[in-house]
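Residue-level structure breakdown
Residues per chain are reported as follows:
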Amino acid sequence: MNASNSKTVGVYTILFWGVVSLSMATYFYYTGSGINQICGHHDSLTQSGSSTTAGTDIKVSHYKWAIFDRRDEKDSFTIVMLTYKRVKTLPPLLLTYCKTKYLAKIVVIWNDVGAKIPHNILQVNNQCAVPIVFVKETKNYLTNRFKPRKEIETDCVCVIDDDRQLEDIQDLEFAFRTWQHFRMRIIGFEERTYTYQKDGSFWYGVYPGTKIYPGYSMMGTGTTLFHRVYMEMYFDTNFVPEKVLDYINARMNCEDIWFNIMVSKFLGDVSWKQPGALVVNPIKGIKNLAVKAYYIGGTKGLSARKTHYEERTECLNNFATFFNGTLPLHYTYTRIMHRVYPK
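Everything quoted here is computed from the prediction, not taken from an experiment. (Residues numbered from 1 in each chain as written. Predicted model: local features only at pLDDT ≥ 70, side-chain atom pairs only at ≥ 80, totals over all residues. Heavy atoms only, no water.)

A few points about helix H10 (residues 308–320)
- In this model H10 runs 19 Å from its N-terminal to its C-terminal C-alpha over 13 residues, within 8% of the 18 Å that 1.5 Å per residue would give.
- Restricting attention to buried positions, one finds in H10 the residues His308, Arg312, Thr313, Cys315, Leu316, Phe319 and Ala320. Within H10, the buried residues cover an arc of 155 degrees as seen down the axis, which keeps them to one side.
- Looking at the buried residues of H10, the elements they touch are strand E12 (194–196), strand E13 (202–204), helix H7 (242–251) and helix H8 (255–270). (Helix = DSSP H or I, 4+ residues; strand = E, 2+ residues; numbered from the N terminus. Expected span 1.5 Å × (residues − 1). Buried < 20%, exposed > 50% of the residue type's maximum accessible area, 1.4 Å probe, protein only. Arc of directions from axis to C-beta. Contact = heavy atoms within 4.5 Å.)

Below is the structure:
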């Protein structure tokens, strides 16, 4: 490629407001400040002023090298799907994802405590090209989606809600290929952000009257890919205090917000301050099956609660108390687009 304003980083040739060629795909960047945040150089392994303590240094080192160590890397990923009272919509959803290229296994977290897994769901295993493993939980917690499990044998984990269906399965395959080049990031399709209220406190989403969109700083975990090491970290009290887990479990909300905070904080500690999330634009879109599930005997989903977004704003402000009133989240406008050329 010829360009007067380009930069080469490893296998990437980045053209500002241009194209990044990578493997067999073509990536289009809306760069903004995101290019520098992805490809900028870090001054040291740990930022000066980092809050990483001596007691967690060994753990931080372990997680860092686990993320970037490719010696045992598998060219596949595992889907983890937490489900609750979606008996009729779950089987066709599983069969849709069974067709995904690079998929090693599907792990279904059965959160409907006390209820038996119906036969029509179990028999989907006979129609799927990859194993489907069912794990019954003893407590109905949203944090169960982030539990490290022996059933997960790939570095890449794809957490998918039981009411999310990608309209084109190529999007998931492309997201996995993207993750392979940005193993430290949370890769997904549904970005989230926060802004400030007039009193200076945090607001989940874009505060009414905000004139300039600041970019996104988090990733919704409806369809998200990340390194399985982050699951270990989520249940490591050095990174997620027990009272934070208790707070999240009691409210059945905000587990994804802390996950984003944890990843962004970790990346800032081991390299430079940068966004933890990276958005992939889907070719077609994502279907929300929650309403359909409700009308055929399931549940609408927790996000349908009237207080859902108010609670998330409250979570942001409570979580900020762990970081001296700030949030270790960083904005970016960077988007990766999958362009399919006609044959």
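That shown, we press on.
Some thoughts on the state of the cysteines
- Under the counting rule described, the total for this entry stands at two disulfides.
- Put simply, Cys254 and Cys315 are joined by a disulfide, and their sulfur atoms are 2.0 Å apart. Given an S-S torsion of about 85 degrees, the disulfide between Cys254 and Cys315 has right-handed geometry. Of the two residues, Cys254 sits in the loop between H7 and H8 while Cys315 sits in helix H10, which places them 61 residues apart along the sequence. (Disulfide = S-S within 2.5 Å.)

Topic: H7
- For H7, the set of buried residues is Val244, Leu245, Tyr247, Ile248 and Asn249.
- Looking at the buried residues of H7, the elements they touch are helix H6 (229–234), H8 and H10.
- One or two residues past the end of H7 sits Met252, with phi positive at roughly 50 degrees.

Considering the pairing of strand E5 (residues 77–83)
- In terms of residue burial, E5 counts as a mostly covered element, since seven of its seven residues are buried.
- Burial along E5 is two-sided: Phe77, Ile79, Met81 and Thr83 and Thr78, Val80 and Leu82, pointing in opposite directions, are all buried.
- Relative to strand E6 (residues 103–110), E5 runs parallel, the two being bridged by seven bridges. Within E6, the position partnered with Ile79 by the bridge is Ile106. (Pairing = 2+ DSSP bridges.)

Details of the packing of aromatic side chains
- Per the counting criterion, the structure on display carries 23 aromatic pairs.
- A network of ring pairs unites the aromatic residues Phe146, Phe226, Tyr230, Tyr234, Phe235, Phe259 and Phe266 as a single cluster. (Phe/Tyr/Trp six-rings, centres within 6.5 Å; stacked < 30°, edge-to-face > 60°.)

Here's the deal with the confidence of the model for the chain
- Residues at a pLDDT of 70 or more form 77% of the chain, whose mean pLDDT is 81.
- When the criterion is pLDDT under 50, residues 1–52 qualifies, and its contacts beyond four places in sequence or with other chains add up to 114 contacts.
- Scored below 50 in pLDDT, residues 293–298 makes nine contacts in the model with residues more than four places away or belonging to other chains. (pLDDT = per-residue confidence, 0-100.)

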